[in-house]
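Observations on the three-dimensional arrangement
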There are 2 protein chains.
Amino acid sequence: MRERAVVLLSGGLDSTTALFWAKTRGWRVTALNVLYGQRHARELKSARLIARRAGVELREVMLDLPWLKASALVDAKRRLPDLPLAQIGRGGIPATYVPGRNTIFLALGVSLADAVGARAVVLGSNVQDSSGYPDCRPQFTAAFEKTAKLGTRLGNDGKPIKILTPLVRLDKKGIIRLAVKVKAPLELTWSCYAGGKTPCGRCDSCKLRAKGFAEAGLIDPGAAA
Amino acid sequence: MRERAVVLLSGGLDSTTALFWAKTRGWRVTALNVLYGQRHARELKSARLIARRAGVELREVMLDLPWLKASALVDAKRRLPDLPLAQIGRGGIPATYVPGRNTIFLALGVSLADAVGARAVVLGSNVQDSSGYPDCRPQFTAAFEKTAKLGTRLGNDGKPIKILTPLVRLDKKGIIRLAVKVKAPLELTWSCYAGGKTPCGRCDSCKLRAKGFAEAGLIDPGAAA
């Protein structure tokens, strides 16, 4: 029987590609979506459509953590950065950093994996994220894998839970190419941070997505709502 | 100005002692209570009384993670272990293990610490827990400290968040003695797993508590509801 993996699925381009990569690799996937008050909760709609398309179970968790309002990604009263493309990720940790987000996501993923007997948690961290967000870097996920090994029933039983980051060496162009290869439904994905009905085209995430498609020589099939 | 610490406060004997230890050490404490569907949610009442007594802010988080029903501590339909005292913690991971619980608790604590600028997260792990629960052992918390250093804004800025486990070498007797020393209000704490209005006296937690008080030569002031 195929082994089970928990895939953290936001509904964006990266996590969707990671999910279809995992399917291609033969994992039996359980997707996990976490709502944490992000202004772009529109992602959840995408995550549901994507999980259905992939034919996988989707677990949804809603967190109410008021202190995350420290982030411009959660507090809609804060201004989203609107930097020139070349400066994105160059100015230290951006205002869209959510304190401990991937630590929480991986903790929830590892907890679910330990409960259902999944042998891996898959996260869509990549080069673009890791330029600004400390919790997207390979050293961080490697360290988390060690805590997962030590702190779970499965790890204790000699069946450690792996943290897989298939996109970790890829930029957006590379992710889009991988997405095409693994047949990820890019037209269902949602990237915009702003929380409108259609992508704003101005936030960091919209700009990086547009650049990725341009460099990959592809038209973005991304749907409006 | 004194540095801030986040103390994970369940409302039990261990975490209450850890909180008063932290105060004694001069930390400015923010307490964090996490409800995860445990049958002994009665703890929250204790946590509130204890935080008020300590004069510290209490943050409360409620999680709805259906997969935690794998644990007898969450699913009231499962039977709580009723082992002879000498066998508690000797039979591998007990039925009361909650998958990834301390991984989630520490993730939430680290996220809060990173948001409010706290330099430590304090956890009441101890010898008694670590005999059975893998996520209470010193190796686990040490590994988590490394992920916290790598995955946060504070760690990135050269101000890593410490994970402090002041009880890690203590058994219940030792914890009760420390509690007396730091003037922790033991009469407000709640230990019973069963979720009744008064402690059941039969679950692992009640038995270990009774043994601890007996060995410390003290009467348990623990209140009924």
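Structural notes, computed from the coordinates. (Residues numbered from 1 in each chain as written. Chains lettered and ligands numbered in written order. Predicted model: local features only at pLDDT ≥ 70, side-chain atom pairs only at ≥ 80, totals over all residues. Heavy atoms only, no water.)

1. Some details on the overall build of chain A
- Each helix and strand in chain A was counted, giving eight helices and five strands.
- Secondary structure elements of chain A occur, N-terminal to C-terminal, as β-α-β-α-β-α-β-α-α-α-β-α-α.
- Taking the principal axes of the C-alpha coordinates as reference, chain A spans close to 50 × 35 × 30 Å.
- Across the 225 residues in chain A, those meeting the buried criterion constitute 58%.
- Counted over contacts in chain A with a minimum sequence separation of 6, partners at least 24 positions apart contribute 75%.
- Total accessible area on chain A is roughly 9,400 Å²; 51% of this is exposed by carbon and sulfur atoms. (Helix = DSSP H or I, 4+ residues; strand = E, 2+ residues; numbered from the N terminus. Buried < 20%, exposed > 50% of the residue type's maximum accessible area, 1.4 Å probe, protein only. Contact = heavy atoms within 4.5 Å. Areas by Shrake-Rupley, 256 points an atom, 1.4 Å probe, with all protein chains shown as cover.)

2. What to know about the sheet that holds strand E1 (residues 4-8) of chain B
All names here are of chain B.
- Spatial strand order, E3-E2-E1-E4-E5: five strands in an open sheet with parallel pairing. The strands lining the two open edges of the sheet, one partner per strand, are strand E3 (57-62) and strand E5 (162-164). On average, each strand axis in the sheet is inclined to that of its neighbour by 25 degrees, with strand direction left out of account.
- Here three bridges tie strand E4 (residues 120-122) to E5, and the two strands are oriented parallel to one another. Note that in E5 the partner of Val121 across the bridge is Ile163.
- The strands touched by helix H2 (residues 42-54) are strand E2 (28-35) and E3; relative to E3, the strand with the most contacts, the crossing angle is about 160 degrees. (Pairing = 2+ DSSP bridges. Axes fitted to C-alpha atoms, helices over the stretch in contact; angles between N-to-C directions.)

3. Considerations on unusual backbone geometry
- The backbone of Lys183 of chain A shows a phi angle near 60 degrees, a positive value even though the residue is not glycine.
- Inspection of the secondary structure puts Lys183 of chain A in the loop between helix H7 (172-181) and helix H8 (204-216).

4. Comments concerning the layout of surface pockets
Residue and element names in this part refer to chain B.
- Computed from the structure, the largest pocket encloses a volume of approximately 820 Å³.
- Residue assignment for the lining of the largest pocket shows that the elements contributing at least two residues are helix H1 (13-24), E2, helix H3 (101-116), helix H4 (127-130) and helix H8 (204-216).
- Examining the composition of the lining of the largest pocket, we find that four residues originate from one element, H8, more than from any other.
- Considering only enclosed or pocket space, the second largest pocket measures out at about 200 Å³ in volume.
- As for the second largest pocket, its lining consists of Leu85, Ala86, Ile88, Gly89, Arg90, Val127, Gln128, Ser131, Asp171, Leu208 and Lys211.
- Looking at the lining of the second largest pocket, the elements with two or more residues in it are H4 and H8.
- Its residues assigned to classes, the lining of the second largest pocket shows five nonpolar, three polar and three charged. (1 Å grid on protein atoms, 1.4 Å probe; cavity = no way out; pocket = protein on both sides within 12 Å on 5 of 7 lines; lining within 4 Å. Points joined across faces, edges and corners; volume = space filled by probe spheres on them. Nonpolar A, V, L, I, M, F, W, Y, C, P; charged D, E, K, R; others polar.)

5. Section: the relation of the copies chain B and chain A
- Least-squares fitting of chain B to chain A yields an RMSD of 0.0 Å, with the transformation described by 0.0 Å of translation along the axis and a rotation of 180 degrees. What we have between these two chains is a two-fold relation.
- An overlap of 100% is found between the interface residues of chain B and their copies at the interface of chain A, pointing to a shared contact surface. (Least-squares fit on C-alpha atoms with pLDDT ≥ 70 in both.)

6. Notes on H3 of chain B
All names here are of chain B.
- Across its 16 residues, H3 extends 23 Å between first and last C-alpha, which sits within 8% of the 22 Å expected from 1.5 Å per residue.
- Of all 16 residues making up H3, 14 are buried, and the element is well covered by its neighbours.
- Trailing H3 by a residue or two, Gly117 shows a phi angle of about 80 degrees, which is positive. (Expected span 1.5 Å × (residues − 1).)

7. Let's talk about the state of the cysteines
All names here are of chain B.
- Counted under the stated rule, the structure contains zero disulfides over all chains.
- Between Cys200, a free cysteine, and Cys192, which holds the nearest cysteine sulfur, the sulfur-to-sulfur gap is 3.7 Å.
- Judged by its relative accessible area of 26%, Cys200 falls in the partly exposed class.
- Cys203 takes part in no disulfide bond, and the closest cysteine sulfur to it belongs to Cys200, at a distance of 3.8 Å. (Disulfide = S-S within 2.5 Å.)

8. With respect to empty space enclosed by the protein
Residues and elements named next belong to chain A.
- All chains considered together, the criterion is met by five cavities of 30 Å³ or more.
- Along the wall of the largest cavity there are 39 residues; nearest its centre are Ser10, Asp14, Arg101, Asp129 and Tyr193.
- Taken together, the elements giving at least two residues each to the lining of the largest cavity come down to helix H1 (13-24), strand E2 (28-35), helix H3 (101-116), helix H4 (127-130) and H8.
- No other element matches the four residues that H8 contributes to the lining of the largest cavity.
- Per-class residue counts for the lining of the largest cavity are 16 nonpolar, 16 polar and seven charged.

These figures come from the coordinates and say nothing about function on their own.
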